[in-house]
Every structure is written in C-alpha cells, then in structure tokens.
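# Examining the three-dimensional arrangement
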Amino acid sequence: MNNFKLARISSVHKGSFSILGEFGEIRAEVTGKLANNAENPLDFPAVGDWVNAKYLDDNTFAIIDEIKPRKNILKRKASGKQTEYQIIAANIDIAFIMQSLDSNFNINRLERYLVMINEAKIEPIILLSKKDIALAAEIEKMTKKINDGFNDLKIITFSNKTLEGINQIEALLVSGKTYCLLGSSGVGKSTLLNSLLDKEVFDTQQVREQDGRGKHTTTRRQLIPMKNGAFIIDTPGMRELGNI
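Keep in mind that what you see is a predicted model, and the values were worked out from it rather than measured.

## Some words on the overall build of the chain
Scanning the chain for helices and strands turns up five helices and 13 strands. Taking the intrachain contacts of the chain between residues at least 6 apart in sequence as the baseline, contacts between residues at least 24 apart amount to 64%. Just so you have it, the chain exposes about 12,900 Å², and 45% of that area is on carbon and sulfur atoms.

## Some points on the pattern of salt bridges
Applying the stated criterion across every chain yields a total of eight salt bridges. Here Asp-49 and Arg-70 are joined by a salt bridge, their closest N and O atoms 2.8 Å apart. With a gap of 21 residues between them, Asp-49 in the loop between helix 1 (32-37) and strand 4 (50-56) and Arg-70 in the loop between strand 5 (61-67) and strand 6 (73-77) connect regions that are remote in the sequence. Here Arg-70 falls in the partly exposed class, since its relative accessible area comes to 26%. The partner of Glu-164 in a salt bridge is Lys-131, with the nearest N and O atoms 3.1 Å apart. With Glu-164 in the loop between strand 10 (154-157) and helix 4 (166-172) and Lys-131 in the loop between strand 9 (123-129) and helix 3 (136-149), this residue pair connects regions lying 33 residues apart in the sequence.

## Considerations on the nonpolar core
Leu-74, Ile-146 and Leu-182 are the most contacted members of the largest nonpolar core, which totals 29 residues. When residues of this core are traced back to their parent elements, those giving at least two are strand 7 (85-90), strand 8 (94-100), helix 2 (107-119), strand 9, helix 3, strand 11 (178-183) and strand 13 (231-234). Among the elements that make up this core, the one with the highest residue count is helix 2 (five residues). Membership of the second largest hydrophobic core comes to 22 residues, among which are Ile-125, Ile-166, Leu-172 and Ile-232.

## Digging into the environment of Met-142
Mapped onto the elements of the fold, Met-142 is located in helix 3. Judged by its relative accessible area of 12%, Met-142 is buried. A C-alpha to C-alpha distance of 9.9 Å links Met-142 and Asp-102, two positions 40 residues apart in sequence. The residues contacting Met-142, other than those within four sequence positions of it, are Leu-101, Asp-102 and Phe-105.

## A few points about the pairing of strand 9
Most of strand 9 sits out of view: six of its seven residues are buried. Following the chain from strand 8 across helix 2 to the adjacent parallel strand 9, one finds a crossover that is right-handed. For the crossover that starts at strand 9, traverses helix 3 and ends in the parallel strand 10, the hand is right-handed.

## Focus: the confidence of the model for the chain
Of all residues in the chain, 86% have pLDDT values of 70 or greater, and the mean over the chain is 88. Predicted confidence is poor over residues 207-216, with pLDDT under 50, and the contacts of this stretch with residues over four places away or in other chains come to 18 contacts.

## Here's the deal with the environment of Phe-4
Structurally, Phe-4 can be placed in strand 1 (residues 4-13). Spatially, the C-alpha atoms of Phe-4 and Ile-64 are 8.6 Å apart, while their sequence positions differ by 60 residues. Non-local contacts of Phe-4, meaning those with residues more than four positions away in its chain, are made with Asn-52, Ala-53, Lys-54, Ile-63 and Asp-65.

## Considerations on helix 5 (residues 189-197)
Within helix 5, eight of the nine residues are buried, which leaves it mostly tucked inside the rest of the structure. Among all positions in helix 5, only Lys-189, Ser-190, Leu-192, Leu-193, Asn-194, Ser-195, Leu-196 and Leu-197 are buried. In this fold, the buried residues of helix 5 make contact with strand 8, strand 9, helix 4, strand 11, strand 12 (222-225) and strand 13. A positive phi of about 60° marks Asp-198, the residue just after helix 5.

## Some words on the side chain of Ser-18
Assignment of secondary structure puts Ser-18 in strand 2 (residues 16-21). Look past the residues within four positions of Ser-18 in its chain and what remains in contact with it is Arg-8, Ile-9, Ser-10, Ser-11, His-13, Glu-25, Ile-26 and Arg-27.

Analysis parameters
- Residues numbered from 1 in each chain as written.
- Predicted model: local features only at pLDDT ≥ 70, side-chain atom pairs only at ≥ 80, totals over all residues.
- Heavy atoms only, no water.
- Helix = DSSP H or I, 4+ residues; strand = E, 2+ residues; numbered from the N terminus.
- Contact = heavy atoms within 4.5 Å.
- Areas by Shrake-Rupley, 256 points an atom, 1.4 Å probe, with all protein chains shown as cover.
- Salt bridge = Lys/Arg side-chain N within 4 Å of Asp/Glu carboxyl O.
- Buried < 20%, exposed > 50% of the residue type's maximum accessible area, 1.4 Å probe, protein only.
- Core = buried A, V, L, I, M, F, W, Y, C linked by side-chain atoms within 4.5 Å.
- Right-handed = clockwise from strand over helix to strand, strands pointing away.
- pLDDT = per-residue confidence, 0-100.

Structure below.
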C-alpha cells in the first residue's frame, strides 16, 4: 500500500521544509535517497513544489520521497556563483512585479525581473504601489515608460494606505492558481498581503527616508493560502538580480 500523500512545499529552512497538505502545515525532511541523488540545488524541493510525503508521528512530521514534475521554475544565479542557480519558486501561474511610485521605481530593474519571468514562461503583471503619494502626472509618466519599453503588460496602480486599486488585485486571484510576489524591500509587499488576507499577518516596517529603502520584513520565501483558494508566494526583497 502506498502511504505517500500529495503535499506542497510552503517554506524552505536550513536542512528541513514545511509542507501544506491534508494535515495542515507541518515540518518535513527529504529521504536520504532524494538527498543523495541530488546533483545541484535545483534537485531539492523549492517553495511551490508538489511532493509525495509520508506522514509520521501522528501526522506531525513527514518524509519527502519525490518531487513531482514542475510546471516551471523561477530561478536566478546564486550570489557570487557563475554557473549555479537558486530556485525562487516553482509551479507559478502569474508573477506580480511590484515597484513603488517613488524613488524605488526603476525601469532597468523591472526589465531584469521580466527577463527572469519570461525565461520561465510565466505571465507577468506590474503592480505600482504608493499611489497616494504620487502626482497624477508622475503616475502617467511612469506607466508610459513601462508601456513604451514593453508590449502588452498589465499594470495596476494602487495604494496600501487608501486601499485604492486593491480590489483590482483581488479580482486577479483565482482559486487553485499560484501567484509570486516579487519586488525590492520597502515597496509594500507585506502590507499588500495583509490587505488581501484582511488581517495583520505579516510585520511591516517603515522605509528609510534618506534612501527610500525598506528593511527585509520577509526573510524567506513562503507559500500563503488565500481565502478564496488561490496561493501567493511571498519573496524577500531582491536588490541584485543575475541575468538568466
């Protein structure tokens, strides 16, 4: 009898994982066989992966035996490495690239995100936050710069403070689909997630006034179930992106 059940990787820790399955979110480790057969970091489970897991200890712990074939993987070059890649997440339907309508807005950084996303064959959607602090003329200028540089990109401008535009983002979330939230620290990813979940789940911190940078309130990638059955993978702010 096959005692393995389908589960999904919700977060990755040093030497272990968290999985979401029929018994909620619990800790898990890979089998020795899976670890020994891994030739590089891409062969280990990543956030968003579907896996076969065997539950133990009254369903409070599990062993991961197999990674199911991936629909896609979002990856970047590992820091300081020329050939190794780091998986950001797997099995993504739509990637939200989030920048804010202030000094964080950077068309070159946006392009690097798009290269990475297009390589994985994932649909991108641009989210521009802090609409409440930007003049209408500035918003038009920034959105025009995106439209001039890239074809047929969906752009949503919104405010975490006034909640204007949040309903447009909520309308994009479809049950069973997986979304990945990408962007630098300080653009409001954690605050957006709190708004979408309609409760204060994630810590938020103020942006430093002198350089517009935020602190890393998200410290690891994690798969978050939404109230309508969709999933969002939150990611730490990435200040450097290696080209694919």
